[in-house]
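What the coordinates show
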Amino acid sequence: MAAGWPPQRHTSLASLNPRGGEGELRARACSATARSGAGDAAAERARPGLRVGAAPPAAGAAAAKEERIVVLETENAALHLKLAEYQGLAGRSTHEVLQLYSAHGEQQKLQRRSVVTQLHGAIKRFKQDLKSLRSFAFELSKKFQRQSQTYLYQILTAVQGIQLQNEAMQIFQIKAFDLEQSLQEVTERYEKEKQKRRALHNSLVELRGNIRVHCRIRPLLPFDTTGHSISQDRQRTFSEKVAHAADDETVLVKCSRPGHTSINKTFQFERVYNASESQDTVFADVAPLLTSLLDGYNVCIMAYGQTGSGKTYTMLGPQLEENFPFSTEDESELGIIPRATQEVFRLISEKPSGSYWVEVSVVEVYNNEIFDLLAKDSCGKVFGVKRDVVTTREGKSDVPLLTHETVENASEVLHLVSKSLQLRVRHPTLVHAHSSRSHLVVTLTITTVDSGENFGTSWEEEQTSQRLNKEVSCTFPQKMRDNKSTSSSRPSSPAQLEATEKMKQVKTRLQLVDLAGSECVGMSGVTGAALRETSFINRSLSALADVLGAIAEQRSHVPYRNSKLTHLLQDSVGGDAKLLVMLCISPDQKYLTESMQSLGFGTRARQVQRGQVKKKNFPVPSKAK
């Protein structure tokens, strides 16, 4: 069997065609498998025989070898079959790779052609855009040149216009400067003429004996906007200001009622102060009157107005709740009384030493009764003592037993006034928390001493006169201060009597009056004792108006004695003093009625002609026997 296999079966299959030999290899592999199967069957048939009878050893070895050869051929055929399969797969893969590579090359060629085509198109468009841009730049350059020429022309035109305006402005400035100088000259002339007119008006006032009336409008205060228990006809908005200072001589009041047309009323006075003007400004117009004191004239300054209109602030300055000290820290807030006191002593300091001395008295008129606020008890404690007012044989008013304190400077006066104010009656009302319920009268009596019978005396007589003047000026005030006398102390020795007869003495008085405020009971809301106080206050102010009316109408009888207030102020109101009335009004709408009443009082007071105020001359001393 081994000799029957041809040698070419062992030929290598590597030389076979990968594609054409695949079928042959498969056929060979099948035949080898068949033979192997036949050999296996023969072997199976031979094996029983071997078991039955022992086969020769050489035959068994050959059969095993043949069987081994068949197995190896079978495995070789299977390997060739697998090799052919793998070679076929490798051939197909190579062909596919070649095809893919060829397709990829074609695709890249197409892509390159497309990119080149697009690039050519983009370059063409870019050339067109560049051409358009050049054309646009050329047109823009032309347009810019045209606009530049237009703007340059406009700028040149504007520059020429500005130059013309500058020239016109310079001309205008020159004219404005000329007008300003002219206005300044006119203003100066106006001020001079205004001062002359005021001087002439004051001279006319003095010749006629008219009463000077100033009006002060206070600013709106916090309590003006708070609600009070007031009558129904006043239930409306009260924050409106109805009183204004039109100028420094005119008050403008807007009178309006619901359902009626608003009416503006004006009032003329010697001086009008608006809400922003300070205490310094007010006193600057009062100070010239004080020089009249040392010239021999009596002076009276009184504040008139409704409750809460600023009378006490104008006359005294700010008030504290417990007492009324005159603080010197903020002198700009001081009122007329402390300022007038300081001014009087300043004027006295400019005169020869010892030629003047000053006495002060403080009274209040409360419920038509006069109280001495400087009177002291046996222990030296100050308390109010009731006094009375009488009329002397000369027709002058006088308060017997009234306390006069001699003072040497303004501080002593203010100290006495502060102590007196602690005794002044006050009562809170709905209108004002510290409403004064009495009229306050502070009187400064200035005694002027002039020594010598004439100015042609010898040097020895002049020295004697000066010595006597010094003796009297030092003796009398000291005696008054020690005895607390109510009038001028009389000399206690013949030498002093003879010296007094040789002295020429004149007493002038400065009365500073802070009147209680007129008020409406419905506005103030007072009851009981306070209501009685209000009744006395209103009656005394009505009596003052009646006195002024009688003087204005030149009646034969003037009702001074209808009130203790008018009786006390008889000398001042009746024509023996330069009288200044300081009207104080509120600008608020809810006080319109009271403000109109105060303005009407001031208007009537201006119309009073008392005749020329008389100057007190020095008495001629009697000749010594």
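1. Re the sheet that holds strand S3 (residues 250–255)
The strand order S2-S3-S4 describes an open sheet built from three strands, whose pairing is antiparallel. Strands with a single pairing partner mark the edges of an open sheet, and in this sheet they are strand S2 (243–247) and strand S4 (263–268). Each neighbouring strand pair of the sheet contributes to a mean axis angle of 30°, computed without reference to strand direction. Pairing of S3 with S4, which is carried by six bridges, proceeds in the antiparallel orientation. If you follow Thr-250 over to S4, its bridge partner there is Gln-268. Here helix H14 (residues 592–606) sits on the sheet in contact with S3 and S4, set at roughly 145° to S3.

2. Details of the nonpolar core
Of all hydrophobic cores here, the largest spans 47 residues; its most connected members are Val-251, Phe-269, Met-302, Val-573 and Val-581. Contributions of two or more residues to this core are made by strand S1 (212–217), S3, strand S6 (298–305), strand S7 (356–366), helix H11 (529–552), helix H12 (564–568), strand S17 (577–585) and H14. Residues contacting Val-581, with those up to four places away along its chain left out, are Ile-211, Arg-212, Val-213, His-214, Met-302, Tyr-304 and Phe-601. Counting 42 residues, the second-largest nonpolar core is a separate cluster that includes Val-282, Ile-336, Val-344 and Ile-446.

3. Here we look at unusual backbone geometry
Across the chain, the bulk of peptide bonds are trans and the bulk of non-glycine residues have phi less than zero. You will see that Leu-401, though not glycine, has its phi angle at about 65°, which is positive. Mapped onto the elements of the fold, Leu-401 is located in the loop between strand S11 (397–398) and strand S12 (405–407). On the basis of relative accessible area, Leu-401 is assigned to the exposed category, the value being 56%. Its identity is not glycine, yet Gln-554 carries a phi of approximately 55°, on the positive side.

4. What about the pairing of S6?
Most of S6 sits inside the fold, with eight of its eight residues counted as buried. In S6, alternate side chains face the same way, and those of Asn-298, Cys-300, Met-302 and Tyr-304 on one face and Val-299, Ile-301, Ala-303 and Gly-305 on the other are all buried. As defined by bridge partners, S6 adjoins strand S16 (residues 504–514) across five bridges and the pair is classed as parallel. Within the sheet, the bridge partner assigned to Cys-300 lies in S16 and is Gln-511.

5. A short note on the confidence of the model for the protein chain
Across the protein chain, the average pLDDT comes to 77, with 69% of residues at or above 70. A low-confidence stretch, residues 1–20 stays under pLDDT 50, and its non-local contacts, those more than four residues away or across chains, total 16 contacts.

6. Quick notes on a nonpolar patch on the surface
Among the surface-exposed residues, Phe-126, Leu-130, Leu-133, Phe-136 and Leu-140 lie close enough to one another that they form a single nonpolar patch of about 520 Å² accessible area. Take Phe-126: it is sitting in helix H2 (residues 57–208). Its relative accessible area of 55% is what places Phe-126 among the exposed residues.

7. Points about the packing of helix H4 (residues 279–294) against helix H6 (residues 336–349)
Helix packing for two helices is described by the angle between their axes and how far apart those axes are. With their axes 9 Å apart at the nearest point, H4 and H6 run at an angle of 45° to one another. Judged by the inter-axis angle, H4 sits oblique to H6. Crossing handedness for the pair H4 and H6: right-handed. On H6, the residues that touch Gln-279, Asp-280, Val-282, Phe-283, Val-286, Leu-290, Thr-291, Leu-293 and Leu-294 of H4 are Ile-336, Arg-339, Ala-340, Glu-343, Val-344, Leu-347 and Ile-348. When grouped by side-chain class, the residues that make up the contact of H4 with H6 number 11 nonpolar, two polar and three charged.

8. Some words on the packing of aromatic side chains
Applying the stated criterion to the full structure yields one aromatic pair. A centroid spacing of 3.9 Å and a plane angle of 10° characterise the contact between Tyr-304 and Phe-601, whose relative ring orientation is stacked. With Tyr-304 in strand S6 and Phe-601 in helix H14, the pair connects residues that are 297 residues apart, well separated along the chain. A single burial state applies to Tyr-304 and to Phe-601, both of which are buried. Residue placement shows Arg-539 over the ring face of Phe-536; its charged tip is 4.5 Å from the ring centre. Taking NZ or CZ as reference, Lys-578 lies 4.4 Å from the ring centre of Tyr-297, over its face.

9. Observations regarding H4
Between its terminal C-alpha atoms H4 stretches 24 Å, which fits the 22 Å expected from 16 residues at 1.5 Å a residue. Approximately 35° is the largest bend angle found in H4, and it occurs at Asp-285, with the proline Pro-288 only one to four residues beyond. What H4 keeps buried is the set Gln-279, Val-282, Phe-283, Val-286, Ala-287, Leu-289, Leu-290, Ser-292, Leu-293 and Leu-294. Looking one or two places after H4, you find Gly-296, whose phi comes out positive at around 105°.

10. Considerations on the pattern of salt bridges
Taken as a whole, this structure holds 13 salt bridges when the rule is applied. Close ionic contact of Glu-359 with Lys-507 constitutes a salt bridge, the shortest N to O distance being 3.8 Å. Note that Glu-359 is positioned in strand S7 and Lys-507 in strand S16, a separation of 148 residues in sequence. Judged by relative accessible area, which is 4%, Glu-359 ranks as buried. The partly exposed category is assigned to Lys-507, whose relative accessible area is 30%. Asp-514 serves as the salt-bridge partner of Arg-424, at 2.9 Å between the closest nitrogen and oxygen. Taken as a pair, Arg-424 in the loop between helix H7 (410–421) and strand S13 (426–427) and Asp-514 in strand S16 lie far apart in primary sequence, 90 residues in all. The exposure classification of Arg-424 matches that of Asp-514, with both residues buried. A network of salt bridges, in which partner residues are shared, links Arg-271, Glu-277 and Asp-285.

11. Quick notes on the packing of H6 against H7
In contact at an axis separation of 9 Å, H6 and H7 are set at 150° when each is read in the N-to-C sense. With respect to their mutual orientation, H6 and H7 come out roughly antiparallel. Seen along the crossing, H6 lies across H7 with a hand that is right-handed. Here Pro-338, Thr-341, Gln-342 and Phe-345 of H6 lie close against H7, whose contacting residues are Ala-410, Val-413 and Leu-414.

About the thresholds
- Residues numbered from 1 in each chain as written.
- Predicted model: local features only at pLDDT ≥ 70, side-chain atom pairs only at ≥ 80, totals over all residues.
- Heavy atoms only, no water.
- Pairing = 2+ DSSP bridges.
- Helix = DSSP H or I, 4+ residues; strand = E, 2+ residues; numbered from the N terminus.
- Axes fitted to C-alpha atoms, helices over the stretch in contact; angles between N-to-C directions.
- Contact = heavy atoms within 4.5 Å.
- Core = buried A, V, L, I, M, F, W, Y, C linked by side-chain atoms within 4.5 Å.
- Buried < 20%, exposed > 50% of the residue type's maximum accessible area, 1.4 Å probe, protein only.
- pLDDT = per-residue confidence, 0-100.
- Patch = residues over 30% accessible without salt bridge, like charges linked within 9 Å, V, L, I, M, F, W, Y side chains within 5 Å.
- Areas by Shrake-Rupley, 256 points an atom, 1.4 Å probe, with all protein chains shown as cover.
- Salt bridge = Lys/Arg side-chain N within 4 Å of Asp/Glu carboxyl O.
- Parallel < 35°, antiparallel > 145°, perpendicular 65-115°, else oblique.
- Left-handed = near helix turned anticlockwise from the far one by under 90°.
- Nonpolar A, V, L, I, M, F, W, Y, C, P; charged D, E, K, R; others polar.
- Phe/Tyr/Trp six-rings, centres within 6.5 Å; stacked < 30°, edge-to-face > 60°.
- Lys NZ or Arg CZ within 6 Å of the ring centre and 35° of its normal.
- Expected span 1.5 Å × (residues − 1).
- Bend = angle between axes of the 7 residues up to and from the residue.

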